[in-house]
Amino acid sequence: MSVNPKVNILMVDDQPAKLLSYEVILSELGENLIKATSGREALEYLLKTDVAVVLMDVSMPELNGFELADMIRQHPRFQKTAIIFISAVHLTDLDRLKGYERGAVDYISVPVIPELLRAKVSVFAELHRKARQLETLNRQLEERVLQRTAEIRELNSELQQRVAELETIMQVLPMGVAVAHDPECRFITGNAALSDLMGMKQGDNLLKSGDGELPYDIYQNGQKLQPGEFPVQRAAANRELVGTVELEVRRRDGQMAHVLASANPLFDDSGQIRGAVGVFFDVTERKSLEDILRERAELLDLASEAIVVHDSAGILSFWNSGAEALYGWKREEVLGEDINRILRTGFPVPQKEVEAPLAAAGRWEGNLTHYTRDGRELIVASRQALKLGSRGRSVILEINRDITAQLQAEEALRRAERLGAMGRVAGIIAHEINNPLEAISNAFYLLREHPSLDEEARYYARLAEQELARVAHITRQTLSFYRESQYPVSVAISEVLDNVLELQSRRVQLNGIILEKVYRTAGIIQGFPVELKQVFLNIVGNAIQAMPQGGRLRVRVYECIEPSTGRQGVRASVCDTGSGIDPEHAKRLFEPFFTTKETKGTGLGLWISKGIIQKYEGTIRFRSLRFAREHATCFSVFIPGTAFGQKQELTVSLAAS
Amino acid sequence: MISDKPVILCVDDEENPLILRKLVLEKAGYEVVTSTSARSAVEIVSSRHVDLVLSDHLMPGAIGTELARQIKANHPTMPVILLSGVNEMPADAGAVDVFLSKAEGPERLCEKIAAALAEYRKPRSTP
């Protein structure tokens, strides 16, 4: 569309010369000039084309100017078409002209002044052009309005579809969604999942129930919440997001659900609160799984075994209380560390031979040596299982049970059995030796005194007799102990000790030993004096032998209650400041044939002593402390005071039953 | 001639120990009668004067403790000393007055015999 399109100007005159002169005058305007020589022809043009201005002569034959104007005006299309009459002015004509005043009518009197004609035509042409432009614009506007309306309609229907989709999504969403439709949250609806969760019908106001009481309660950290404290209400009231909170929904029908809830306020265009939206995620199952897992973890912690989890490189990811107790390492100290480095694992076979079956069969069992935090060596029965963890990482579950004490006990039992067997064999041998020994002793006794012997032969006999005495000593010690009478008598331990000390008094003096005696009680028990004397002879003898360069010998007797059993009895202790006991020897002290006295001892003294004290249901123990300047060794014997009385009662009651 | 030496009946199934024990006791001033079985020992005690019986414990036939019971049944005041290679006094030694281990040696044997004889003479000498 050009900026200034030409408009049509219709010139009507029955005289072609006039038409021609108008044409000349108006050609300057640069518009389209249409010539019509009659009213009829003019009408035809009008109907065919859009005419901006009609320029017509009033006096024309057949159909004059006024008649033509009337006809034009009758047509609705041309009511506003501009008409310029050319005529001599008559009063009557002027009146007529007024009749056309509604429309755009003008007149030019004869003689025509070209500038005037041009100006008037030009004004109307311009008017017409503007009108046309306005029309076009109008039309275009209308088109655009239509187009927009269509677009809006389309958008609207799309929006409706979206809303419907959202509705559907909300309804099928497994997550509970609540929408508060007013700022005060008086009306809250839930989707299917939420209504179901709360035990209500979908579409119902979640805060209203038929009988006035809600079918659910909401708890947080065990505290029942009022409706105003629910997340949706809080979001609306505080105009802010309520972050995830953990809630418990307790329904009146007894069902319970754990939910994670969060809520967001809804604002309208002016920024005013118009409601809120809440999301509720049912985690009941996850929660119960968590509970199971927690229980499992607690069980793992209750286990006395060390239960640990590590990867194939030994890097620890789990360490239970049992492991803490067993190894002395706290969880936080070892997680992320290499188990084999921390525990200095000793494998019974090359480590590869442990890893190979673990990888192939998923299991390995065997004993390992480990070191505790404070450096104690442990032997553990280890069971390991390879598990394919999540994300393709494999982990090794390891359960270790401390069997150090068990192995030691087994070893001790084996040793005790071995020693017991040894003792029995020794007893049998000693018994067999006793018979010929008596005969030989008698023979040498007779030989020694025989008058036919010279001094030299008597000397030999005496030597032989002395050595025989040693044999006799061994057999006496070896055989289970010798009692002179069958029934126990009252024995004062203090008297037995005095007796022993009297026997040893020469050696005490010779060695320069200071003797301290502390008798808090006479220490009377029921027993056999000879065997008790042997016990203390052994203990005191050892103490004196341990102090060749002198020292202190302290002998005490007192009544006491044994802490471990609560039994009442007599304790006698013999302490010396002699050479002390080598820790290496401590374990073997009560073994038969164990001696530190090289050829001088039989190695049976303490073994026999222990056997005797055990017959009294007593205990014998020792403690040796080694200091820089001197050592202190203390042997202590406990004999329950009423052991024999009880034993007799027991026998009687057994017999009675 | 009637000797005033105490008479000891020595019982043992083994000959050498029996002879040597007899010699030791004779040297200690006792008259010694020997027997190699419990049965003959019971006969001897019934047939002649004996002051004390010294018996081995383990013998074929009746053992020492059994012998002691048989003797005490007829001669309750007869001291019986049981001599054994085992150091522990047997449980059924109720009739035995003194139990002695063979490992004790001749001197201790003589001491015990003397003590037992003295013990039994006391009540007899009182009236």
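Residues numbered from 1 in each chain as written. Chains lettered and ligands numbered in written order. Predicted model: local features only at pLDDT ≥ 70, side-chain atom pairs only at ≥ 80, totals over all residues.

Caption draft 1: Molecular detail of the overall build of chain B. A tally of helices and strands in chain B yields four helices and five strands. Ordered by position in the sequence, the α and β elements of chain B form the string β-α-β-α-β-α-β-β-α. Taken over 127 residues, chain B has a buried fraction of 40%. Pairs at least 24 apart in sequence give 57% of the contacts found in chain B among residues at least 6 apart. (Helix = DSSP H or I, 4+ residues; strand = E, 2+ residues; numbered from the N terminus. Buried ≥ 20, exposed ≤ 12 C-beta atoms within 10 Å, placed from the backbone. Contact = placed C-beta atoms within 7 Å.)

Caption draft 2: The arrangement of the overall build of chain A in detail. A count of helical and extended segments in chain A gives 20 helices and 24 strands. Across the 657 residues that make up chain A, the buried fraction comes to 28%.

Caption draft 3: How the structure looks around the sheet that holds strand 16 (residues 377-388) of chain A. All names here are of chain A. Across the sheet, five strands lie side by side as 14-13-17-16-15; this open sheet has antiparallel pairing. Only two strands of the sheet have a single partner each, and these edge strands are strand 14 (316-319) and strand 15 (363-371). Going from strand to strand, the sheet's axes swing by 25° on average, the running direction of each strand aside. Strand direction decides the pairing type here: strand 13 (residues 306-311) and strand 17 (residues 394-402), joined by six bridges, are antiparallel. By the bridge assignment for strand 17, Val-309 is matched with Leu-397. Helix-sheet contacts for helix 12 (residues 351-361) involve strand 15, strand 16 and strand 17, and the interaxial angle to strand 15 is about 145°. (Pairing = 2+ DSSP bridges. Axes fitted to C-alpha atoms, helices over the stretch in contact; angles between N-to-C directions.)

Caption draft 4: Quick peek at the nonpolar core. Judged by nonpolar contacts, the single largest core of 43 residues is most densely connected at Ile8(B), Leu9(B), Ala41(B), Val53(B), Leu54(B), Ile81(B) and Leu82(B). Considering every element that reaches this core, the biggest residue donor is helix 13 (residues 404-448) of chain A, with nine residues. The residues touching Ile8(B), leaving out its near neighbours within four places in the chain, are Leu25(B), Tyr30(B), Val32(B), Asp51(B), Leu52(B), Leu54(B) and Ile113(B). Of all hydrophobic cores here, the second largest spans 35 residues; its members include Val496(A), Met547(A), Val557(A) and Ile620(A). (Core = buried A, V, L, I, M, F, W, Y, C linked by C-beta atoms within 7 Å.)

Caption draft 5: Inspection of the confidence of the model for chain B at higher detail. With 91% of its residues at a pLDDT of 70 or more, chain B shows a mean pLDDT of 85. The ipTM for the predicted assembly is 0.86, set against a pTM of 0.40. (pLDDT = per-residue confidence, 0-100.)

Caption draft 6: Seen up close, the environment of His128(A). Residue and element names in this part refer to chain A. Along the chain, His-128 turns up in helix 5 (residues 114-172). For His-128, a count of 22 C-beta atoms within 10 Å puts it in the buried group. Counting along the chain gives 47 residues from His-128 to Thr-81, while the straight-line C-alpha distance between them is 8.3 Å.

Caption draft 7: Main features of the sheet that holds strand 23 (residues 619-626) of chain A. All names here are of chain A. Within the open sheet, the five strands sit side by side as 19-21-22-24-23. Their pairing is mixed. Of all strands in the sheet, those bounded by a partner on one side alone are strand 19 (513-519) and strand 23. Put simply, the sheet's adjacent strands are angled 15° from each other on average, direction ignored. Of the strand pairs in this sheet, strand 21 (residues 551-561) and strand 22 (residues 568-576) are connected by nine bridges, and their pairing is antiparallel. By the bridge assignment, Leu-553 is partnered in strand 22 with Asp-576. Sheet contacts for helix 19 (residues 605-615): strand 23 and strand 24 (631-640); angle to strand 23, the most-contacted strand, approximately 135°.

Caption draft 8: Seen up close, the pairing of strand 17 of chain A. As defined by bridge partners, strand 16 of chain A adjoins strand 17 of chain A across nine bridges and the pair is classed as antiparallel. Among the inter-strand pairings, Arg383(A) is bridged to a residue of strand 17 of chain A, identified as Ile399(A).

Caption draft 9: Structural view of the confidence of the model for chain A. On average, residues of chain A score 83 in pLDDT, and 90% of them are at 70 or above. Ignoring residues within four places in sequence, the model shows residues 643-657 of chain A, a span with pLDDT below 50, making five contacts including any to other chains.

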